[in-house]
Amino acid sequence: MKTIASFTVNHDKLQKGMYVSRIDGDVITYDIRMRVPNAGSYMSNGAMHTFEHLFATYARNSEFENSVIYVGPMGCRTGFYLLLRDSVSRAEALRLVRNAFAFIAAFEGEIPGTKRWECGNYLEHDLPGAKADAEDMLKALENWSEEKMAYEN
């Protein structure tokens, strides 16, 4: 079988940030890398699950709601994928992510989609952990730009 695109990225060089992972027709996949790969620090399952609920809810209620294809965690627990239509510029995608992460960092109240009938693992959530991850990533993206969205070879 062919090696999939994400396995061709040199994870030893990957740092926290937001990257263009791939472009498929009119869909751009963004790699939002929240942990340095293979560095021993990974997102906890509960924090990642809560982060997913809040990130997806925010993105699908944003001005770009009709351009959001998918928001979801990486199995390696080092970040998230965000798939958007190419009608959303890279600068707008970065703004969306920063705004979503600020929303998560400040979130108080009931996490959306955490009723038993709404979620397949409704008990495993960690809001304080998700908020801490969002705050940490906001610092990493503070000076991020479109020019930094390419993977280092």
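Our structure is the block above this text.
Residues numbered from 1 in each chain as written. Predicted model: local features only at pLDDT ≥ 70, side-chain atom pairs only at ≥ 80, totals over all residues. Heavy atoms only, no water.

Trainee: Before we go on, may I ask you to explain the side chain of D133 in this structure?
Mentor: With respect to the helices, strands and loops of the structure, D133 is situated in helix α3 (residues 127–141). Among the polar contacts listed, one links the side chain of D133 to the side chain of R35, at a separation of 3.0 Å. What D133 contacts, discounting residues up to four positions off in sequence, is M34, R35, M43, A47 and F51. (Helix = DSSP H or I, 4+ residues; strand = E, 2+ residues; numbered from the N terminus. Polar contact = N/O pair within 3.5 Å; in protein donor to acceptor, adjacent residues only side chain to side chain. Contact = heavy atoms within 4.5 Å.)

Trainee: Help me out: how do you make sense of α3 in this one?
Mentor: An α-helix turns once per 3.6 residues; consequently, residues spaced three or four apart project the same way. Taking 1.5 Å of rise per residue, 15 residues should cover 21 Å, and α3 covers 21 Å from first to last C-alpha, within 8% of that figure. Buried residues of α3: L127, G129, A130, K131, D133, A134, M137 and L141, and no others. Against β1 (17–24), β2 (27–33), α1 (45–60) and α2 (90–106) lie the buried residues of α3. (Expected span 1.5 Å × (residues − 1). Buried < 20%, exposed > 50% of the residue type's maximum accessible area, 1.4 Å probe, protein only.)

Trainee: Any chance you could explain the layout of surface pockets here in plain terms?
Mentor: A probe as big as a water molecule, rolled over the atoms, marks out the empty space that is left. Roughly 160 Å³ of volume is contained in the largest pocket. Together, S6, F7, H11, R33, P37, N38, Y42, M74, G75, C76, T78 and Y81 line the largest pocket. In terms of residue class, the lining of the largest pocket is built from 6 nonpolar, 5 polar and 1 charged. (1 Å grid on protein atoms, 1.4 Å probe; cavity = no way out; pocket = protein on both sides within 12 Å on 5 of 7 lines; lining within 4 Å. Points joined across faces, edges and corners; volume = space filled by probe spheres on them. Nonpolar A, V, L, I, M, F, W, Y, C, P; charged D, E, K, R; others polar.)

Purely geometric numbers; function is a separate question.
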